[in-house]
Amino acid sequence: MTVAVDAARLAAIRVLQDVLEKGAYANLSSIRQLESRSLTARDRAFASALIYGTISRLPALDYLLERVLDRPLAKLDPAIRTILRAGAWQLYHAHAVPPSAAVNESVKLAQHLANPGAASLVNACLRRLSAPDRPELPANKPALAAGLSSELFGYLKKWYGRDEAIALAAAALENLSTTTVRANLCRTTPRQLQEMLANEGILSEPGLYCPEALRLDLDGHSIRSLAAFKDGLMTVQDEAAMLVAHIADPQPGWRVIDLCAAPGGKTTHVAEAMNDQGQILALDLSPSRLTLVDEQAARLGLQAIRTAEADATASDWTHGLLGQADLVLADVPCSGLGLLARKPEIRLTMTHEKITGLIPLQRQILQNAATLVRPGGILVYSTCTINPDENVHQIEQFLASEPGETFQLETITPYLPDALLKDPGIAQSAAKGWIQLLPHRHHTDGFFMARLRRQPSAG
């Protein structure tokens, strides 16, 4: 007998299996699974919450499940393991879902994807998790409640102290119901974009910091289905990332080199800030990811960008470009710990070894980037992490290694919005030439950026 299952939950389970069992990226798998099915906007919104909530709280969910299982989670069929995790999230965190629905729909999924015996196991476990005396998380394990490994939570405590670590972790668990977009100022204004979105039934409001930013309530609608997106009037981008182009302050006619450019959000923003007048060379190691840059530029109608394959850690391709660029962007590969809310799978895969392995790679890219800047030109270094060793310490070491003070940090205060400079810590570091954005304080992704100028007399 065929079991009728809830389409939204089934799509969510497919994505969760991709991420948890096969190492896929949640955002890419969600696009494949949620936009290829006949789901309503409400169903897509629920499926997305189920996906991101389950991944974000995985250690806690596993802890609770292990209290009611008679065997290790690792011994279960992958589909059943995924169904149990998603069911537990619904019981503990989806307050609009009746416990009976969470249990019954999970049982149906088990019948559909496995067998009656597995369905009985799902039923027994989830009923135990919905009982009045259900297990709860221990109060003395903040890492568990935060959905972080002890190692990652330990890092946050080391960098920011226990209270800030808890606040940072809590911010990473917030439901991201708002999508931030950047108006393409070469084609529209934020006000015109708001009106066009309203005509498509999408409510929006101005961003927190950047004048070109709008915050959208998509309510389950696919951004790629909107005419404003298809027509190249906007790009999905967090305001933290937008600020990189602000502190770079590119001018029309400049020659720009963007290292590690894919998928092209900052590249296209710089082109728009230059009114598409100048030359932007977007480089990346991956040809397939460079295709994303080309696609974005074409959709936005930008002509100043050309792409080329290059390894930013190598120097064999740099010879004809040495000392030529007015602006070099080095948005380097990083641990991504500023994106835990948006890319929750990072919390499952990031380790001490990976973080420490990135630091010499970042240093090599920064050193290569420096050779491309003309005397008097600008070098902007940025990451989407909150790790000081990848950020301000990286800049300090770079400056200490440069002979004759070739580069110097310079103030970025003139390029930052007043709303951000109200934070005393931001104001203080901005005057020195860098800022560290933190999700719980600034309501953006965690992001670092610094502006350095090559001295005009540098040879």
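Please refer to the structure placed before this passage.
Below, the structure is looked at part by part. (Residues numbered from 1 in each chain as written. Predicted model: local features only at pLDDT ≥ 70, side-chain atom pairs only at ≥ 80, totals over all residues. Heavy atoms only, no water.)

### Considering the packing of aromatic side chains
Phase 1: Within the structure shown, the criterion is met by 4 aromatic pairs.
Phase 2: With a centroid separation of 4.9 Å and an interplanar angle of 25°, the aromatic rings of Tyr 155 and Trp 159 are classed as stacked. A residue pair is termed a helical-turn pair when its members lie 3 or 4 positions apart in one helix, as Tyr 155 and Trp 159 do in helix α9 (residues 150–160) at 4 residues. As far as burial versus exposure is concerned, Tyr 155 and Trp 159 are alike and both buried.
Phase 3: Both rings, one in Tyr 381 and one in Phe 448, keep their centres 6.3 Å apart while their planes meet at 70°; by these two values the pair is edge-to-face. Here Phe 448 lies in strand β12 (residues 447–454) and Tyr 381 lies in strand β9 (residues 373–383), a separation of 67 residues in the sequence.
Phase 4: In textbook terms, an aromatic cluster arises when at least three aromatic residues are bridged by ring pairs, as seen for Tyr 381, Trp 434 and Phe 448. (Phe/Tyr/Trp six-rings, centres within 6.5 Å; stacked < 30°, edge-to-face > 60°. Helix = DSSP H or I, 4+ residues; strand = E, 2+ residues; numbered from the N terminus. Buried < 20%, exposed > 50% of the residue type's maximum accessible area, 1.4 Å probe, protein only.)

### Re the packing of helix α4 (residues 58–66) against helix α5 (residues 78–93)
In helix packing, the relevant descriptors are the interaxial angle and the interaxial distance, both defined with respect to the helix axes.
Phase 1: At their nearest, the axes of α4 and α5 sit 9 Å apart, and the two run at 95° to each other. Our classification of the angle between α4 and α5 gives roughly perpendicular. Every residue of α5 that contacts α4 at Leu 58, Leu 61, Asp 62, Leu 64 and Leu 65 is listed here: Leu 84, Arg 85, Ala 88, Trp 89 and Tyr 92.
Phase 2: Looking at side-chain class alone, the contact of α4 with α5 contains 8 nonpolar, no polar and 2 charged residues. (Axes fitted to C-alpha atoms, helices over the stretch in contact; angles between N-to-C directions. Parallel < 35°, antiparallel > 145°, perpendicular 65-115°, else oblique. Contact = heavy atoms within 4.5 Å. Nonpolar A, V, L, I, M, F, W, Y, C, P; charged D, E, K, R; others polar.)

### Focus: the nonpolar core
Phase 1: One finds Leu 327, Leu 337, Leu 416, Ile 435 and Leu 437 to be the most contacted residues of the largest nonpolar core, which totals 61 residues.
Phase 2: Here this core gets 8 residues from one element, more than from any other, and that element is helix α13 (residues 239–248).
Phase 3: The contact partners of Ile 435, leaving out residues within four places of it in the chain, are Ile 412, Leu 416, Leu 420, Ile 426, Ser 429, Ala 430, Phe 447, Phe 448 and Met 449.
Phase 4: Counting 47 residues, the second largest nonpolar core, distinct from the first, contains Leu 10, Leu 16, Leu 76 and Cys 125. (Core = buried A, V, L, I, M, F, W, Y, C linked by side-chain atoms within 4.5 Å.)

### Overview of the environment of Ala 94
Phase 1: By secondary structure assignment, the location of Ala 94 is in the loop between α5 and α6 (99–113).
Phase 2: Overall, the relative accessible area of 9% leaves Ala 94 in the buried class.

### Observations regarding the side chain of Gln 33
Phase 1: Residue placement: Gln 33 occurs in helix α2 (residues 26–34).
Phase 2: Classification of Gln 33 by relative accessible area gives buried; the value is 16%.
Phase 3: Apart from the residues within four sequence positions on either side, Gln 33 is in contact with Ala 11, Arg 14, Val 15 and Asp 18.

### Brief notes about the pattern of salt bridges
Phase 1: Across all of its chains, the model carries 19 salt bridges by this definition.
Phase 2: For Asp 6, the salt bridge is made with Arg 9, and the minimal N-O distance between the two is 3.4 Å.
Phase 3: For Asp 6, a relative accessible area of 23% corresponds to the partly exposed category.
Phase 4: A relative accessible area of 9% means that Arg 9 is categorised as buried.
Phase 5: Linking Glu 105 and Lys 108 is a salt bridge whose minimum nitrogen-to-oxygen distance equals 3.6 Å. With Glu 105 and Lys 108 both in helix α6 and 3 residues apart, the pair spans about one turn of that helix.
Phase 6: Taking relative accessible area as the criterion, Lys 108 reaches 30% and is therefore assigned partly exposed. (Salt bridge = Lys/Arg side-chain N within 4 Å of Asp/Glu carboxyl O.)

Without other data, these values stay purely geometric and don't point to any function.
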